[in-house]
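# Topology and contacts: notes
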Amino acid sequence: MENPPTGKLLLVGEGDFSFSVALLAKPGFHGSEIVATSFESRESIVKLQKALDNVEILEDRDVTVLFDVDCTQIHTDDRLGSLTFSTLVFNFPHIGGKSNIKRNRALLNDFFSSAVQIMEPGGQILVTLCKGQGGTPADYPVRAWQDSWQVVSLAANSGLILTAVHPFMEANYPEYNSVGFRSQDKGFNTEGALVHVFETAGVPLVPDCISSTLLSIQGKQIKCPKYIEDKLNGKLLYTSGHPLCKLRSDLERMISKETPSHICFPEDLPVVMEGAESDCYLEGTDPEQLRHFPDGSSAEDSWLSGLYVLNTTDEKCEADCSVDNERDEDSQCAGGGDDTLPSKWVQCHLRTTVLEQLPLITSHDSDRLAIASCDVYNRCCISANRLPVSHEMTVVCQNGKNIAADPVKTVCKSLEMATSLSVSITHSGTPLVLTFQSGLQLHCSKHVELDLNNTKTKVGQIWTNLGDPESVNIVLLNLDLIVRKVGDIASPQLLWSQDQRFLRQFVSWPSKFEAFSVYNLQHAHDMSFWESSDIEFDELCFSDVIREVAGDVVVKVTLIERYHDEGGDQWSRCYRLIYMSNDLAVSYIASWKMQSLIRLETAKRLEIRLR
């Protein structure tokens, strides 16, 4: 601990109080801001040779010294009153006596639970452990997980994440004597010891059950899964300070500067489309094309493969439909419709791409360049690199008489300025064709690519009118891919982070992201069941259930076995679910609770039999 804390400092489990004395010798550490505590009594501490001398030094320097302090119950100690601390330090925790890994884990677990209750917002907890004890990749050598103290897992139980690990430099504390090994006046082996820095983080909320909610959108009542409701309410493109908002704003400003005659569609571009089917469909046979259209999805998960079909009614019918709404609430999957809905309910779907709204966009003044940015929704199976919601920008030029600039060149130039990266246009093999019910057909055979360190990433497409290539030019950009490329953000889930440690990194744009959770726990749970003999198992619906329970905390779902019982003529499946977050403290207990609810909801919705 080289830098003085910004507030009060609490040291627990002090042996002979020599570490407290060592801190006082450093500039910036003031005795009046330090509380040093020991589990020992003042009478029993005399067994430690220099303890009483150190206590006298501390008390002479206005340090508050407390004895008989149980570090697992600090928050209940009346002597601390209502004090809170910006930094709490626990060096070489040990239960005493011979080593007992389970009891030492329990000590740490209960310490974290108590410490977070007296820690200031934005505070830190520093825990120093001997070489190999922590159980993180920072240890050398790395012990088997079951042989470590599993410190990150214990901290997660109290909503803490590991934000830094650095060596414990004993030479920087010449007054320090690490006594207390096995409750003796004997020091710990500090060679290779590590200081683990923990900070508070959000925790995943485990619902008691799953239910749909009613949203008021575009003058209608929309029956919506909670997961989708949260995404609809996110409005990342218009959240000040968010990198997606910064990118959208910069691109609109730069494109507008190049082409003064333009129109920017507002953020309330309708998100709900009429009907249970899209007004346009995609034709294309090139897997490479589909793989990058429009959000990096794979060929088997290509665009328009999974609509979010919801139920809607006029707002005036809300009261009339409330009873019917309760009746059918659990009768459908999160993304699917219900053929037996009451008559007042009709089906709609969330837009799959901004191109779906091209007729609306082109119905405005054709002599102006049109810019539209919005969130789009595509049901997909769970993977670490894709979410069912992303953000697009389209720039449409109908080659009106007042538009002099080439829209493709304008967008590419603006994208280069907004990202400080090289932009290129590449030709693809077999073209894609997007056909609208109106008869309009769009043709795509070119991609927009960003180049970073000689690695090119497809981030958009260029479309033209198949019937009249000169009449319409469209550039479609995936803003999520651009932000992730520029910011070096590996996980799409991070774009939805509410953690200020994420958002603060993008005060200036463009900028690179640095992970603030340095060791993300992963919890694996397997789920086995017998398939229904009457209903084909739907992996999209399975993914919907998982997201409704766990949000984006489940990052990978893998089918690890499919077994046919010839005697019973039935099929069994076994899936492995991986729980992990880049910004939340995901404890094993939370993951187990979510897994349990996923099992029950899957059995109910997909009519499977759990094993």
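One can find the structure itself at the top, above this paragraph.
Residues numbered from 1 in each chain as written. Predicted model: local features only at pLDDT ≥ 70, side-chain atom pairs only at ≥ 80, totals over all residues. Heavy atoms only, no water.

Assigned secondary structure in the protein chain consists of 14 helices and 24 strands. Contacts in the protein chain between residues at least 24 apart in sequence constitute 73% of all its contacts with a sequence separation of at least 6. Accessible area for the protein chain stands at about 26,900 Å²; split by element, carbon and sulfur atoms hold 48% of it. (Helix = DSSP H or I, 4+ residues; strand = E, 2+ residues; numbered from the N terminus. Contact = heavy atoms within 4.5 Å. Areas by Shrake-Rupley, 256 points an atom, 1.4 Å probe, with all protein chains shown as cover.)

Note on strand geometry: in a regular strand, side chains alternate between the two faces of the sheet. Alternating residues of strand 1 (residues 9–12) divide into L9 and L11 and L10 and V12, and every residue in both groups is buried. Across 3 bridges, strand 1 lies against strand 2 (residues 34–37) in parallel orientation. Within strand 2, the residue paired with L11 across the bridge is A36. The parallel pair strand 1 and strand 2, bridged by helix 1 (residues 18–24), forms a crossover whose chirality is right-handed. (Buried < 20%, exposed > 50% of the residue type's maximum accessible area, 1.4 Å probe, protein only. Pairing = 2+ DSSP bridges. Right-handed = clockwise from strand over helix to strand, strands pointing away.)

For the rest of this paragraph, the subject is the sheet that holds strand 14 (residues 346–350). One open sheet accounts for 5 strands, arranged 8-9-13-14-11; its pairing is antiparallel. Two strands lie at the open edges of the sheet, namely strand 8 (213–217) and strand 11 (272–274), each paired on one side alone. Strand after strand, the sheet turns through a mean of 40 degrees between neighbouring axes, direction not considered. As paired strands, strand 13 (residues 309–314) and strand 14 are joined by 4 bridges and run antiparallel to one another. Bridging from a neighbouring strand, L310 pairs with C348 of strand 14. (Axes fitted to C-alpha atoms, helices over the stretch in contact; angles between N-to-C directions.)

Applying the stated criterion across every chain, the model contains 18 salt bridges. Notably, a salt bridge pairs R351 with D375, separated by 2.7 Å at the nearest N-O pair. Placement of R351 in the loop between strand 14 and helix 9 (358–362) and of D375 in strand 15 (residues 369–377) is noted, with a sequence separation of 24 residues between them. Accessibility classification places R351 together with D375 in one group, the buried group. Several salt bridges share partner residues, and in doing so they unite E531, E539, R562 and R573 into one network. (Salt bridge = Lys/Arg side-chain N within 4 Å of Asp/Glu carboxyl O.)

This part takes up the sheet that holds strand 4 (residues 85–91). Taken in spatial order, the 7 strands line up as 3-2-1-4-5-7-6 in an open sheet, and their pairing is mixed. The sheet is open, and its two edges are formed by strand 3 (64–66) and strand 6 (160–167), each paired on a single side. Within the sheet, the average angular offset between the axes of one strand and its neighbour, ignoring direction, is 20 degrees. Inspection of the sheet shows strand 1 paired to strand 4 by 4 bridges, in the parallel sense. Residue V12 lies in a different strand from strand 4, and its bridge partner there is F90. Its contacts with the sheet place helix 3 (residues 101–115) against strand 1, strand 4, strand 5 (119–129), strand 6 and strand 7 (194–200), and it is angled at close to 160 degrees to strand 5.

As a further point, take the environment of W149. With respect to the element layout, W149 can be found in the loop between strand 5 and helix 4 (151–156). Distance in space between the C-alpha atoms of W149 and I101 is 6.6 Å, their sequence separation being 48 residues.

This paragraph deals with the nonpolar core. Within the largest apolar cluster, 91 residues are counted, with the highest numbers of intra-cluster contacts made by F111, F112 and I125. The next biggest cluster of nonpolar side chains, apart from the first, holds 30 residues, and it includes L11, L24, F29 and A51. (Core = buried A, V, L, I, M, F, W, Y, C linked by side-chain atoms within 4.5 Å.)

Here the focus is the environment of T558. The topology assignment puts T558 in strand 22 (residues 554–565). In this structure the C-alpha to C-alpha distance between T558 and L577, which are 19 residues apart in sequence, comes to 6.7 Å.

Below, the discussion takes up the packing of aromatic side chains. Here the structure, examined in full by the defined rule, presents 21 aromatic pairs. For the pair F19 and F168, a centre-to-centre distance of 6.5 Å together with 35 degrees between the ring planes defines the contact as tilted. One end of the pair, F19, is in helix 1; the other, F168, is in the loop between strand 6 and strand 7, with 149 residues separating them in the sequence. The buried category is assigned to F168, whose relative accessible area is 7%. (Phe/Tyr/Trp six-rings, centres within 6.5 Å; stacked < 30°, edge-to-face > 60°.)

By secondary structure assignment, the location of T435 is in strand 17 (residues 422–436). Side chain to side chain, T435 and Q441 meet in a polar contact 3.1 Å long. Once you skip the residues sitting within four places of it in the chain, T435 turns out to touch D279, C280, Y281, E283, L440 and Q441. (Polar contact = N/O pair within 3.5 Å; in protein donor to acceptor, adjacent residues only side chain to side chain.)

All right, on to the packing of helix 6 (residues 243–258) against helix 11 (residues 479–487) then. Remark: helix 6 packs on helix 11, axes separated minimally by 10 Å, with the N-to-C direction vectors making an angle of 110 degrees. The angle between helix 6 and helix 11 falls in the class roughly perpendicular. Of the residues in helix 11, those in contact with P243, L244, L247, R248 and L251 of helix 6 are L479, D480, I482 and V483. Here the residues of the contact of helix 6 with helix 11 are counted per class, giving 7 nonpolar, no polar and 2 charged. (Parallel < 35°, antiparallel > 145°, perpendicular 65-115°, else oblique. Nonpolar A, V, L, I, M, F, W, Y, C, P; charged D, E, K, R; others polar.)

Next up on the list: a negative patch on the surface. A cluster of like negative charges, contributed by D53, E56, D60 and D62, occupies part of the molecular surface. Residue position: D60 is located in helix 2 (residues 51–60). (Patch = residues over 30% accessible without salt bridge, like charges linked within 9 Å, V, L, I, M, F, W, Y side chains within 5 Å. Lys, Arg positive; Asp, Glu negative; His and termini not counted. Charge placed at Lys NZ, Arg CZ, Asp CG, Glu CD.)

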